[in-house]
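Residues per chain are reported as follows:
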Amino acid sequence: MRLNTDLVKKPKDLLEYVLVHEMAQLLEPTHNDRFIAILGEHYPTWREARAEFNNLPLGAEQWME
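### Considering the pattern of salt bridges
Counted according to the given criterion, the structure contains two salt bridges. For the salt bridge of aspartate 6 with lysine 9, the shortest nitrogen-to-oxygen distance reads 3.4 Å. Of the residues examined, lysine 9 reaches a relative accessible area of 31% and is grouped as partly exposed.

### Some remarks on helix 1 (residues 12-27)
With 16 residues, helix 1 should reach 22 Å at 1.5 Å per residue; the first-to-last C-alpha distance of 24 Å fits that figure. When we look at burial in helix 1, the residues that qualify are Leu14, Tyr17, Val18, Val20, His21, Ala24 and Gln25. Down the axis of helix 1, the sector holding all buried residues measures 165°, keeping them to one side. When the buried face of helix 1 is taken as reference, the exposed residues oriented beyond 90 degrees from it are Lys12, Leu26 and Leu27. Of the surrounding elements, those touching the buried residues of helix 1 are helix 2 (33-42) and helix 3 (46-55).

Thresholds applied
- Residues numbered from 1 in each chain as written.
- Predicted model: local features only at pLDDT ≥ 70, side-chain atom pairs only at ≥ 80, totals over all residues.
- Heavy atoms only, no water.
- Salt bridge = Lys/Arg side-chain N within 4 Å of Asp/Glu carboxyl O.
- Buried < 20%, exposed > 50% of the residue type's maximum accessible area, 1.4 Å probe, protein only.
- Helix = DSSP H or I, 4+ residues; strand = E, 2+ residues; numbered from the N terminus.
- Expected span 1.5 Å × (residues − 1).
- Arc of directions from axis to C-beta.
- Contact = heavy atoms within 4.5 Å.

As structure tokens, this is what we get:
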């Protein structure tokens with residue numbers, strides 16, 4: 001599994017979504033019904049997180065204070 005280093009620029013709460021998504025793909029490599037069930041079991045709010053993640057600009061950065 002490889003993660004894009006630009007993920008550190010995204011909101012931290014969305015990193016969990018990305019990680020769970022990628023780990024679910026280790027069990028089911030395609031985005032089929034089984035994959036969706038696995039994702040839903042381990043991250044029930046994945047649809048909301050995916051929408052938020054996809055609506056971010058590509059270079060969205062979160063600065064630490």
